[in-house]
Amino acid sequence: MNGLRAVARFLLPPALAVAAGTAEPGLSVPSAAEAALGYEAVFNGQNLQGWDGDPELWTVSHGEIVGSTDGRPLRRNSFLISEERFGDFELRFEVSLRNGNSGMQFRSEREGNWTVRGYQADLARGKGWGSLHGEGLPGGLILDGWQNRSEFFVKSGWNRIAIRCEGHRIRIWVNGDVATDVLDPGSLEGVFAMQLHRGEPMQVRFRNIRVLRISR
């Protein structure tokens, strides 16, 4: 571990441990309770307005963002990238991974050909869920999440993820449990981006995506 990184991992108070709340598909997102707290939708459930990605890889179906590399193998990872940038925030969403390796980028920088560089909450079938990965950063993995224990926490269908960034503190929840809690001296602002990974044909679905902007 880089000597600049101070790592602290511990159980959070119950009020924070439930931060990965969910809304059923078809209901208003954010929920009325979340909206009262200031959460707002960053996906309208109908089209990819506000996001940019390869149209041959990303579609919208039944209120879900669907990424698939079936019949179109990738030489490099490809991302669906938010047009807006975010600083301190809490991002909540649900994800279903058929197979392969996906993730949600945050505080990241856009590069060419739908690629990005920066932090990622890693979501890898049969590997780690909630690991903090540095896409395009030196060293790659920043902190293991639930590596080698994901079968105890990750469902075969939809899983609830929350990412909360306040200053240099980064926290990731998977299905309401803390997977990562770390201080890292990296970027404090950037885009969100959903990942399709090179390699075997894969499919990932995202839904109920909402964010709370946190003022410092």
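Residues numbered from 1 in each chain as written. Predicted model: local features only at pLDDT ≥ 70, side-chain atom pairs only at ≥ 80, totals over all residues. Heavy atoms only, no water.

(A) Spotlight on the overall build of the chain. Regarding its fold elements, the chain presents two helices and 16 strands. Relative to its full complement of 216 residues, the chain shows a buried share of 50%. For the chain, the share of sequence-separated contacts (at least 6 apart) that also reach a separation of at least 24 residues comes to 68%. Of the accessible surface of the chain, which amounts to about 10,000 Å², a share of 51% is contributed by carbon and sulfur atoms. (Helix = DSSP H or I, 4+ residues; strand = E, 2+ residues; numbered from the N terminus. Buried < 20%, exposed > 50% of the residue type's maximum accessible area, 1.4 Å probe, protein only. Contact = heavy atoms within 4.5 Å. Areas by Shrake-Rupley, 256 points an atom, 1.4 Å probe, with all protein chains shown as cover.)

(B) Region of the structure containing the sheet that holds strand 3 (residues 51-52). Judged by pairing direction, the sheet is antiparallel, and its seven strands sit side by side in the order 3-6-15-8-9-10-11 without closing on themselves. Two strands bound the open sheet, and with one partner strand each, they are strand 3 and strand 11 (141-143). As judged from the two bridges shared by strand 10 (residues 129-135) and strand 11, these two strands associate in the antiparallel manner. Paired with L132 across the bridge in strand 11 is L143. (Pairing = 2+ DSSP bridges.)

(C) Here's a closer look at the pairing of strand 5 (residues 64-68). Burial analysis of strand 5 places five of its five residues in the buried class, which makes it a mostly covered element. As paired elements, strand 4 (residues 58-61) and strand 5 share four bridges and run antiparallel to each other. When the sheet's bridge partners are listed, S61 is paired in strand 5 with E64. Hairpin geometry of strand 4 and strand 5 is characterised by an intervening segment of two residues between the two adjacent antiparallel strands and by a positive phi of about 55° at H62. Sheet topology places strand 5 next to strand 16 (residues 203-213); four bridges connect them, and they run antiparallel. Looking at strand 16, one finds that I65 is bridged to F206.

(D) Expanded view of the pairing of strand 15 (residues 190-196). Counting buried residues along strand 15, seven of its seven residues qualify, which places the element largely inside the surrounding structure. Both strand 6 (residues 78-86) and strand 15 contribute to a ladder of six bridges, which runs antiparallel. Bridging across to strand 15, I81 finds its partner in A193. Direction of pairing for strand 8 (residues 101-111) relative to strand 15: antiparallel, over a ladder of three bridges. Paired with M104 across the bridge in strand 15 is M194.

(E) The nonpolar core, seen in detail. Membership of the largest hydrophobic core comes to 40 residues, with the highest contact counts inside it found for L91, F93, F106, I163 and F206. By residue number, the principal contributor to this core is strand 7 (residues 89-99), which donates five residues. Sequence-distant contacts of I163, that is, excluding residues within four places in its chain, are made with F89, E90, L91, F93, M104, F106, A121 and R171. (Core = buried A, V, L, I, M, F, W, Y, C linked by side-chain atoms within 4.5 Å.)

(F) Seen up close, the environment of R92. Inspection of the secondary structure assignment puts R92 in strand 7. Engagement of the side chain of R92 in a polar contact is seen with the side chain of Y39, the distance being 2.8 Å. (Polar contact = N/O pair within 3.5 Å; in protein donor to acceptor, adjacent residues only side chain to side chain.)

(G) Structural view of the pattern of salt bridges. Under the criterion given, the structure shown has 19 salt bridges. For R210, the salt bridge identified is with E34, shortest N-O distance 3.1 Å. Placement of the pair is R210 in strand 16 and E34 in helix 2 (residues 32-37), with a sequence separation of 176 residues. E34 matches R210 in its accessibility class, with the two residues each being buried. Here R205 and E64 are joined by a salt bridge, their closest N and O atoms 2.8 Å apart. Separated by 141 residues along the polypeptide, R205 in strand 16 and E64 in strand 5 bring together distant segments of the chain. (Salt bridge = Lys/Arg side-chain N within 4 Å of Asp/Glu carboxyl O.)

(H) Expanded view of unusual backbone geometry. Of note in this structure, R107 is not a glycine but carries a positive phi near 45°. The topology assignment puts R107 in strand 8. Assessed through its relative accessible area of 2%, R107 is described here as buried. A positive phi angle is found at W114, which is not glycine, with a value near 55°.

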